[in-house]
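Listed below are the residues making up each chain.
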Amino acid sequence: MPQVTLSVNGKSHTVEVEGRTLLVELLRERLRLTGTHVGCDTSQCGACVVHIDGESVKSCTILALQADGTQVTTIEGLAKPDGTLHPMQEAFREYHALQCGFCTPGMVMAAIDLVQKHPAGLSEKEIREGLEGNLCRCTGYHNIVKAIAAAQDVMHGRRSELARAEAAE
Amino acid sequence: MYDFAYHKPTSVADAVKLLAADPDARPISGGHTLLPALKHRLNKPSSVVDLSGIAELKGIRREGDRIVIGAMAKHKEIAESAEVQAAIPALAKMAGSIGDIQVRNRGTIGGSVANNDPAADYPAAVLALGATVVTSKRRIAADEFFQGMFTTALQPDELLVAIEFPVPQRAGYAKMRNPASRYVMAGAFVAKIADGVRVAINGAGPGVFRQKAMEAALSANWSPDAVANIKQPADGLNSDIHGSAEYRAHLVTVMAKRAVADAG
Ligand SMILES: Cc1cc2nc3c(=O)[nH]c(=O)nc-3n(C[C@H](O)[C@H](O)[C@H](O)COP(=O)(O)OP(=O)(O)OC[C@H]3O[C@@H](n4cnc5c(N)ncnc54)[C@H](O)[C@@H]3O)c2cc1C
Ligand code: FES
Ligand code: FES
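Residues numbered from 1 in each chain as written. Chains lettered and ligands numbered in written order. Predicted model: local features only at pLDDT ≥ 70, side-chain atom pairs only at ≥ 80, totals over all residues. Heavy atoms only, no water.

## As for the overall build of chain B
And step 1. Counting its secondary structure elements, chain B contains 12 helices and 12 strands.
And step 2. For 264 residues, the compact-globule estimate of 2.2 N^0.38 gives 18 Å, and the C-alpha radius of gyration of chain B, at 18 Å, lies within 12% of that figure.
And step 3. Here the C-alpha coordinates of chain B stretch approximately 55 × 45 × 30 Å along the principal axes.
And step 4. Expressed as a percentage of the 264 residues in chain B, the buried residues total 58%.
And step 5. Put simply, of all contacts in chain B between residues at least 6 apart along the chain, 59% involve residues at least 24 apart.
And step 6. When the accessible surface of chain B is summed, it comes to about 10800 Å², and 52% of that surface belongs to carbon and sulfur atoms. (Helix = DSSP H or I, 4+ residues; strand = E, 2+ residues; numbered from the N terminus. Rg over C-alpha atoms; globule rule 2.2 N^0.38 Å. Buried < 20%, exposed > 50% of the residue type's maximum accessible area, 1.4 Å probe, protein only. Contact = heavy atoms within 4.5 Å. Areas by Shrake-Rupley, 256 points an atom, 1.4 Å probe, with all protein chains shown as cover.)

## Here's the deal with unusual backbone geometry
And step 1. One non-glycine residue, histidine 96 of chain A, adopts positive backbone phi at about 50°.
And step 2. Mapped onto the fold, histidine 96 of chain A is located in the loop between helix H2 (87–94) and helix H3 (104–116).
And step 3. The residue arginine 182 of chain B is not glycine, and still its phi comes out positive at about 70°.
And step 4. Of note, arginine 182 of chain B is situated in the loop between strand E9 (170–177) and strand E10 (184–193).

## What about the nonpolar core?
And step 1. By size, the foremost hydrophobic cluster in this structure holds 58 residues, and its most contacted members are Ile69, Ile78, Leu91, Phe165 and Phe189 of chain B.
And step 2. Considering every element that reaches this core, the biggest residue donor is helix H8 (residues 122–128) of chain B, with 6 residues.
And step 3. Both domains that meet at this core, namely domain 1 (1–54) and domain 2 (170–263) of chain B, each give it at least three residues.
And step 4. Beyond its immediate chain neighbours, meaning those up to four positions away, leucine 91 of chain B contacts Ile69, Ile78, Val84, Tyr122, Ala125 and Phe165 of chain B.
And step 5. Among the nonpolar cores identified, the runner-up in size contains 32 residues, and Met88, Ala97, Cys103 and Ala147 of chain A belong to it. (Core = buried A, V, L, I, M, F, W, Y, C linked by side-chain atoms within 4.5 Å. Domains from an automatic or database assignment.)

## Let's talk about the sheet that holds strand E4 (residues 60–63) of chain B
All names here are of chain B.
And step 1. Strands sit in the order E4-E5-E8-E6-E7 across an open sheet of 5 strands; the sheet is antiparallel. Looking along the sheet, the strands with just one partner apiece sit at the ends: E4 and strand E7 (139–141). Between one strand and the next, the sheet's axes are offset by a mean angle of 25°, whatever the strand orientation.
And step 2. In this sheet, strand E5 (residues 66–70) lies alongside E4 in antiparallel orientation, the contact comprising 4 bridges. If you follow arginine 61 over to E5, its bridge partner there is valine 68. (Pairing = 2+ DSSP bridges. Axes fitted to C-alpha atoms, helices over the stretch in contact; angles between N-to-C directions.)

## Points about helix H1 (residues 12–21) of chain B
Residues and elements named next belong to chain B.
And step 1. Among the residues making up H1, those that are buried are Val12, Ala15, Val16 and Leu19. The buried residues of H1 occupy an angular sector of 95° when projected down its axis, which confines them to one face. Exposed residues pointing more than 90 degrees away from the buried face of H1 are listed as Lys17 and Ala21.
And step 2. Buried residues belonging to H1 abut strand E2 (25–28), strand E3 (47–50) and strand E8 (160–166). (Arc of directions from axis to C-beta.)

## Comments concerning the site of ligand 1
And step 1. Within the structure, ligand 1 sits among 29 residues, and Arg26, Pro27, Gly31, Leu34 and Thr108 of chain B are positioned closest to it.
And step 2. Near ligand 1, the surrounding residues are drawn from chains A and B.
And step 3. Within the contact set of ligand 1, an oxygen atom lies 2.7 Å away from a backbone nitrogen or oxygen of glycine 31 of chain B.
And step 4. Here leucine 34 of chain B contributes a backbone N or O atom positioned 2.6 Å from an oxygen atom of ligand 1.
And step 5. The fraction of the free accessible surface of ligand 1 (970 Å²) that becomes covered by protein chains is 94%. (Near = heavy atom within 4 Å. Polar contact = N/O pair within 3.5 Å; in protein donor to acceptor, adjacent residues only side chain to side chain.)

## Quick word on the packing of H2 of chain A against helix H5 (residues 142–155) of chain A
Helix-helix packing is characterised by the crossing angle of the two axes and by the distance between the axes.
Residue and element names in this part refer to chain A.
And step 1. Packing of H2 against H5 brings their axes to within 8 Å, and their N-to-C directions diverge by 140°. Considering their axes alone, H2 and H5 lie oblique with respect to each other. By crossing handedness, the relation of H2 to H5 is classed as right-handed. Judged by residue contacts, Pro87, Met88, Ala91 and Phe92 of H2 engage Ile144, Ala147, Ile148, Ala151, Val154 and Met155 from H5.
And step 2. In terms of residue class, the contact of H2 with H5 is built from 10 nonpolar, no polar and no charged. (Parallel < 35°, antiparallel > 145°, perpendicular 65-115°, else oblique. Left-handed = near helix turned anticlockwise from the far one by under 90°. Nonpolar A, V, L, I, M, F, W, Y, C, P; charged D, E, K, R; others polar.)

## Description of the pattern of salt bridges
And step 1. Under the criterion given, the structure shown has 27 salt bridges over all chains.
And step 2. Across the salt bridge formed by glutamate 132 of chain A and arginine 182 of chain B, the nearest N and O atoms sit 2.8 Å from each other. Residue glutamate 132 of chain A is found in the loop between helix H4 (124–130) and H5, and its partner arginine 182 of chain B is found in the loop between E9 and E10; the two belong to separate chains.
And step 3. On the basis of relative accessibility, which here comes to 27%, the residue glutamate 132 of chain A falls in the partly exposed class. (Salt bridge = Lys/Arg side-chain N within 4 Å of Asp/Glu carboxyl O.)

## Things to note about the domain arrangement of chain A
Residue and element names in this part refer to chain A.
And step 1. Split into domains, chain A comes out as domain 1 (3–77) and domain 2 (87–167).
And step 2. Each of domain 1 and domain 2 has a C-alpha centre, and the two are 22 Å apart.
And step 3. Opposite the 18 residues of domain 1 that make contact, domain 2 presents 14 residues.
And step 4. Counting each side, the surface lost to burial between domain 1 and domain 2 is near 1200 Å², with a carbon and sulfur contribution of 58%.
And step 5. When the buried area of domain 1 at its contact with domain 2 is split by residue, His37, His51 and Ile75 rank highest and sum to 39% of it. (Buried area = accessible area lost by both parts, 1.4 Å probe.)

As structure tokens, this is what we get:
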């Protein structure tokens, strides 16, 4: 069987896979990193979004072998070892940007890539357009958009702390 | 998905050898069309040949009065390319409008053009700009390349290597997206190039096609009004739950008008 060697959340792994094994299957079933979800398996919902070499991608539409030699980051790789959440995770918590939570790992990973690619900051409209590849069946998106808007200020160093949800109302 | 062997050659010659040796082998570039199709078990390749390790297929460059885009250029790279933005802004904008960020981070122009989905974006730009498709064997004019729904002049062991776009005097694109799938219901790419005016319509028919009546009208008078009264016949256009052939025919005129306005 072919082998794939890749780094996931900073840790190197070498795993035997089939040609058809998807990256998301490698992550969930072999490495037991079940934070990355499969919502549709048809490349549409974005629940499976992870970063490959810093770019957000749908891990249900990439062969594990295509990720050979890359650095993958999943939702499990965001918080600090002491449990401190990434500013985007913290913002999702603070702004109640999730209900059932199924879409959340993909939303957070997509949102981090979106914010990182726009150092000048994103308008509400740009945030909404940037989430085109992520579907949420619960929240109606409003609080997700607010969370991302708040997180970008912290990620770009414009605020040292997240604006409280109440204060933003 | 059925299982398959996986190869990752580092040259076009080696990739072609793998494809020629096995008629059931398939190239994979971004995989954002092929993998969804394989999940549906729509076909059963014995092996996939990953093109992402081939340096010859990468890159975007200006060569004189042409923009040459390698088959493996991703939608994101085309959207953000300073060369494309300067020479063919309508093409950069089109690339940035495909799917979503994650699709644009993986999908390639070579995969899209080789696939020739009637609702895909790039084929309209390739046809309207009179681009040349460079393959591992030959050079193919856009007019000969697209041969109807999911069909092109490519042979099974022939790789799309690059696309050469002549830099137009003007070019514009407009599309009506299906509100759910976001694929094109009807789109129009209009271009004024050295050889004259060309108009390509995507999404509306079973394959991308040229709208000659609009080309003639725009040659005489380059303005949105010139196409406003040209009716696209509904005969042979797509008709499905998303819209009738008559509706798509109507959209063709509206999109052509917007595309001319977009071109300025
Ligand atoms: C959610 C979603 C939304 C999308 N929205 C749009 C949209 O709005 N507009 C749009 O145009 N597209 C859209 N797409 C399609 C997307 O742009 C695909 O990436 C593209 O059509 C195929 O490119 P690929 O690199 O992924 O090709 P692949 O899937 O790797 O390959 C596609 C086909 O081309 C063949 N092939 C690939 N490369 C070559 C080559 N160099 N030479 C010969 N044959 C080759 C493969 O064997 C396969 O048959 C969408 C896709 C998804 C998943
Ligand atoms: S599970 Fe990958 S996009 Fe839905
Ligand atoms: S919180 Fe339930 S799908 Fe988004």
